[in-house]
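Report on the structure
Here's the letter readout for the chains.
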There are 2 protein chains.
Amino acid sequence: MGLKNRYLLRVDLSTGKVEREELPGEYLRNYLGGRVLGDVLLYNELSVGVDPLSPQNKLIFGTGPLTGTSAPGSPRYIVHSKSPLTGLYLNGLAGGYFGPELRRTGYDLVIIEGKSEKPVYLVITDEVEFRDASPAWGMNTRDTQDFIKDELNDSNIRIACIGPAGENLVLYACIVNERRGVSRGGAGAVMGSKNLKAIAVRGTKKVEVADPAAFQKAVKHALSDIASNPERSKQYPLYGSMAAMPTLHKAGMTPWRNWQDASYPGGESLFPQTWREKYVRKDVRCAPPCNIKCSKLSLSSTGPHAGALSEGIEYETEYALGACCGITEQSAVIEADALCDDYGLDTISMGVSLAFAMECYEKGIITAQDTDGQEIRFGKDNLLPRLIRDTAYRQGFGELLSRGTMRMAQVFGKGSEAFAMHVKGMELGGYDPRGAKSVALVYACGPRGGCHKAGGSGNGQSLKEIATGEARYRTEGKAALAKHTRENRVLADSAIMCIFPQMVIRDETLAELLNAATGLNLSVSDLYTICERGSNIERAFNVREGVRRSADTLPRRLLKESVKSGPNVGQVVELDTLLDDFYKLCGWDIETGIPTPARLRELGLEKIAEDMESYLQRR
Amino acid sequence: MGLKNRYLLRVDLSTGKVEREELPGEYLRNYLGGRVLGDVLLYNELSVGVDPLSPQNKLIFGTGPLTGTSAPGSPRYIVHSKSPLTGLYLNGLAGGYFGPELRRTGYDLVIIEGKSEKPVYLVITDEVEFRDASPAWGMNTRDTQDFIKDELNDSNIRIACIGPAGENLVLYACIVNERRGVSRGGAGAVMGSKNLKAIAVRGTKKVEVADPAAFQKAVKHALSDIASNPERSKQYPLYGSMAAMPTLHKAGMTPWRNWQDASYPGGESLFPQTWREKYVRKDVRCAPPCNIKCSKLSLSSTGPHAGALSEGIEYETEYALGACCGITEQSAVIEADALCDDYGLDTISMGVSLAFAMECYEKGIITAQDTDGQEIRFGKDNLLPRLIRDTAYRQGFGELLSRGTMRMAQVFGKGSEAFAMHVKGMELGGYDPRGAKSVALVYACGPRGGCHKAGGSGNGQSLKEIATGEARYRTEGKAALAKHTRENRVLADSAIMCIFPQMVIRDETLAELLNAATGLNLSVSDLYTICERGSNIERAFNVREGVRRSADTLPRRLLKESVKSGPNVGQVVELDTLLDDFYKLCGWDIETGIPTPARLRELGLEKIAEDMESYLQRR
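Throughout what follows, the structure given in this document is the object of discussion. (Residues numbered from 1 in each chain as written. Chains lettered and ligands numbered in written order. Predicted model: local features only at pLDDT ≥ 70, side-chain atom pairs only at ≥ 80, totals over all residues. Heavy atoms only, no water.)

1. Things to note about the interface of chain B and chain A
Put simply, the rule is: Throughout, a residue-residue contact means that at least one pair of heavy atoms, one from each residue, lies within 4.5 Å. Here the buried area means the combined drop in accessible surface, using a 1.4 Å probe, for two parts upon being joined, counting both sides. Whenever Lys or Arg places a side-chain nitrogen within 4 Å of a carboxyl oxygen from Asp or Glu, that contact is recorded as a salt bridge.
On the side of chain A, 32 residues touch chain B, which itself brings 32 residues to the contact. Together, the buried faces of chain B and chain A total about 2,400 Å²; carbon and sulfur atoms form 43% of this surface. Its largest share of buried area at the contact with chain A, chain B owes to Arg-142, Arg-281 and Lys-282 of chain B, together 21% of the area lost on that side. Here chain B is connected to chain A by 10 salt bridges. Where Asp-143 of chain B meets Arg-179 of chain A, a salt bridge forms, and the shortest distance between an N and an O atom there is 3.1 Å.

The following block contains the structure:
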């Protein structure tokens, strides 16, 4: 591809204006693509203090240098916006056919701004067309995709859309393509606020790489990296992200009953072996060229959840809608997962919000009068379908659930904030940081709030940390670990490469792939500089929106309530020590957490350095 | 096309043997195609007394001379089998893409026999392939179609499949293609009993007509027939089969609360105008070349049934799952309809079975102990999703519902048979024959039991009969009406042409179309002879299975309980008079209802005449 003739499409929904803009070559050189490129665009495009659900917010659909190529793990796209759930920086990625197809339209990025007067969907082919989405308004994500394919008479057009949750501005609504989603932080609600039901893409252009021969060679190296790690390479094809659950469970890292327990009677029924044996019907890949097939068509075919089919379950979903809700019936989790996909809801925020409501109900903070007469207790899996539907449509008690744990705690009061399991409004992923302290930094300092994807909390890194034995409880060395895994994650999201192959592909090979694709000549160290740049732009975005050290915190339960049972008994998170170390390493001001102008200038971020200077002066 | 080089495909699921057989020219000359052709094959292929759910039963997927051509209403197929619900003759038709695509494979018919050891699906392209259906076993009809398209990497392959209801041998399980079904009498259960999950077809051959120029001309005549009936031509595009509901309701012909009432407070909320205004999002056609678009994408987007999308609702569904169950909330009917399509259940038998259970519950014949603790009362629309699911999976009380009204009444006893609204086990369509007496003959003598499609009970004819004023209550002339509409229906089902256009296309035009397609030279009178032939073969099939005059009856409620309110107050059905007239006209033995050898010989059915002779002698 090289750095020339790269374009973005700018779509103003308020005016109907559509423009093609050339991407400056130095943007690609300095920010590579995908996440970091979206970071700098978002920082520059959005004014400070914009209401995330107003026409002034934007949605940036982006691809990376590897999107649409034959590189492993490359069929992905990324969306940047300001999150209605956190009011802060947001990105989100999804695998599937949409990303590669978008890239084949000839646009690396699409920036959506403004707000349409009426529901519309956007069709991007060789032309760009707005179409009336009124007939599809209210349809779930699956029906929406079928509707558009039928209307356009193109069964292979690729669609990213919202369901009722996005339309109804549920704060953790997703954008869904096929059965996968840009899940966290409410990008779907932003789309809904713009009256944009869907984007359909159909490309006719070939995705070209700068040096095809070198690229082919790099792909071979990547495949050989994967092959040389047979253990890891076996787990994901079998169990997807659920692979690590038994180890995490045994290590007391999977939170149960809204993080009250480290395990639960019968909890093993949620293990991946049970799941694979009883429910998995087929291994599916999100799209070519991936051959990991981490997605599993899971079918419940008997009992009260009979008929439910999901293309999951992810570990996070099993944690949030299962363990966290005290639900051990896996078929109920399959059903809930499928409903979340259909309605367009983030399963983590949905599950953790439900779990929070369950604990509030059991503690008498709320009663059946608040919950439409439902006894919302842990383990009551038959309640899920209605509660999830009512959340998507913001009906009855679902209206409260649709706001997420932070806002529910504000409404419920009575000390419930202490066990509202979010950071900055974002519900936590399923790794208890009291059992692996680097995770605390991932949650506390994550650019999109308490998300496990801000670094090494995900399967891979947590397992490594657990394997260190007693060292996992120490604070020493955890800042470095958190910073490295954070930037490693930015690298994956910028390439863009799925972390499942990326975890076993050497950085040198990834550099080889990226250089062959772009025509750049970046060392691994250059790449990490770009990633640190991205990480600091994201931090600066949040600083600009008011985030300071005091916001880099964790729920009281993790700081003050020590673990009551299991291997981590007695542990809490020593956050201050961890933060000091982390800020120091990142070059952020210890007192405020604002990136120092000096570090920003080292990273070549002059304008942002000036911005941060002004915030530091105002402290 | 002509009469030569026409083939059927015979598939033996027990042995895996697949054979192409040429269709004899005289078969096409004598039996035309579609329904009548299937009738004679079914009669000849099946031994007497075969268990419908045994490997000895067969399924015949058939097309007609017009299938796959440009004739209006032609995208349809027909399935013949022996019904597990009635133990008698069964046919069923469905519109959509499957029929034309099947014809393009070069086979006019596919005969399925035997039983596969394991779940399979059949792929018919230029080759015929059996594929493992185990991963899809348990999936609903929509997921099944997606699964197969994905597995075959062909998003436009056309699929007829069963859902869990068919797999679980629910006696009124459907075969579903897209979102439409071969609905009545349990063809889906027959498919399930054979471990056949689906048939996928992809044709490469052009459907040819004998005289293309004459055919083009005939199509023009058909379109001009349609255009010359602007009133009728306006109703179906707007409301589909729901068009007639207000008239039927006003005429006291739409049965409420299991046929206890002729209307119901708030019943107007089920009217098509409300439906179109509140729920219909898009007019859709089953497949080209139809342009009536009688199907309506209906979406419920708020309240307890939010998110439900159906490609309906048909009048029959509104009657069965709505009026008959005392449910006036149309969004609940949309939800129930969508679930029936997904699980593969006939909406009429499902609704009437539910209504029967509701009356039994309200009368204390069954209690909450029988119904898994559920209070199954009229109007309780929130019960439907669970009851429908449990029927499809034959769980709890659903196990009883899955057997239909006749068998439930046998289990419940206590006089419930008097209001079990079926004939020969087949639940009745939504036209009260006490308000239009020809309908009594349609139900009492219908080849597949108490079905409205055995003649003029459907929208069109009932409306004409209602328009005769007092005459509608008389028995005079009704035998002729019933016989003519019965044969007219056989004509439509043999052509094959959808009755919506067929109702306004003149018989002369249809003859023109058929002659141009086949190269035959049939007069309208010849066509009706073929139809009478079919009608008698169907009757002979049932006689062979034990049907005599005593089986040609109606539920006691229609014979002995006079209508209590509305325009038809005081009316019952005078069945004996009607039957005498009808048998006489049909040339059936008055005492037994067996077709007389004389009439059969007039129709050229020598072998069947001999068969019937033997039954007459044994009386």
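2. Looking at the sheet that holds strand β2 (residues 17–22) of chain A
Residue and element names in this part refer to chain A. The line we're drawing: A pair of strands is treated as paired once DSSP finds two or more bridges between them. Under the scheme used here, helices are H or I runs from DSSP no shorter than 4 residues and strands are E runs no shorter than 2 residues, and both carry numbers assigned from the N terminus. Fitted lines through C-alpha atoms serve as axes, helices being fitted only where they are in contact, and the angles separating the N-to-C directions of these axes extend from 0 to 180 degrees.
Ordered by their spatial adjacency, six strands build an open sheet running β2-β1-β6-β3-β4-β5, and the pairing between neighbours is mixed. The open sheet is flanked by β2 and β5 (89–95), the only strands paired with a single partner. The sheet shows a mean angle of 15° between the axes of neighbouring strands, direction not considered. Contacting β1 (7–12), β3 (59–62), β4 (76–82), β5 and β6 (107–113), helix α2 (residues 34–45) runs over the sheet at an angle of about 20° to β4.

3. Examining the relation of the copies chain B and chain A
Applying a rotation about an axis and a shift along it to one chain copy brings it onto the other copy. Applicable threshold: Least-squares fitting of one copy onto the other uses the C-alpha atoms of those residues that reach a pLDDT of at least 70 in both copies.
When chain B is fitted onto chain A, the two copies agree to an RMSD of 0.0 Å after a turn of 180° and an axial shift of 0.0 Å. A rotation of that kind, with that shift, is consistent with a two-fold axis. Minimal C-alpha separation from the rotation axis in chain B is found for Ser-155 of chain B, amounting to 3.2 Å. A high fraction, 100%, of the interface residues of chain B reappear at the interface in chain A, so the copies pair face to face through one surface.

4. Side note on the pairing of β5 of chain A
All names here are of chain A. For clarity, the cut-off: Relative accessibility under 20% of the residue-type maximum defines a buried residue, over 50% an exposed one, and the middle range a partly exposed one, all with a 1.4 Å probe and only protein chains included.
β5 sits mainly inside the fold: seven of its seven residues count as buried. Residues of β5 alternate between two faces, with Tyr-89, Asn-91, Leu-93 and Gly-95 on one and Leu-90, Gly-92 and Ala-94 on the opposite face, all of them buried. With seven bridges connecting them, β4 and β5 associate as antiparallel partners. When the bridges of β5 are listed, His-80 appears paired with Asn-91. The hairpin formed by β4 and β5 contains six residues between the paired strands, and Gly-87 there has a positive phi angle of roughly 70°.

5. Describing the state of the cysteines
All names here are of chain B. Condition: The definition used for a disulfide is geometric: two cysteine sulfur atoms within 2.5 Å.
For the structure shown, the criterion picks out zero disulfides over all chains. Cys-161 takes part in no disulfide bond, and the closest cysteine sulfur to it belongs to Cys-174, at a distance of 11 Å. Under the relative-accessibility criterion, Cys-161 is labelled buried at 0%. Unpaired in terms of disulfides, Cys-294 finds its nearest cysteine sulfur in Cys-498, a separation of 6.0 Å.

6. Topic: the packing of helix α11 (residues 315–322) of chain B against helix α12 (residues 330–343) of chain B
Think of two packed helices as two axes; the pair is described by the angle between the axes and how far apart they sit. All names here are of chain B. What counts, and what does not: For classification purposes, an angle smaller than 35 degrees is called roughly parallel, one larger than 145 roughly antiparallel, one from 65 to 115 roughly perpendicular, and anything else oblique. For this classification, the nonpolar set comprises Ala, Val, Leu, Ile, Met, Phe, Trp, Tyr, Cys and Pro, the charged set comprises Asp, Glu, Lys and Arg, and every other residue, Gly included, is treated as polar.
Between α11 and α12, the least distance of the axes is 10 Å, while the angle of their chain directions is 105°. With respect to their mutual orientation, α11 and α12 come out roughly perpendicular. Of α12, the residues touching α11 (which contributes Thr-317, Glu-318, Leu-321 and Gly-322) are Gln-330, Val-333, Ala-336, Asp-337 and Cys-340. A class-by-class count of the residues in the contact of α11 with α12 yields four nonpolar, three polar and two charged.

7. Points about the pattern of salt bridges
All names here are of chain B. Taken as a whole and judged by the stated rule, the model has 106 salt bridges over all chains. One salt bridge in this structure joins Glu-538 and Arg-35, with 2.7 Å as the shortest N-O distance. Taken together, the residues Glu-538 in helix α22 (residues 524–544) and Arg-35 in helix α2 (residues 34–45) connect sequence positions 503 residues apart. Take Glu-538: its relative accessible area is 1%, and that puts it in the buried class. The partner of Arg-386 in a salt bridge is Asp-372, with the nearest N and O atoms 4.0 Å apart.

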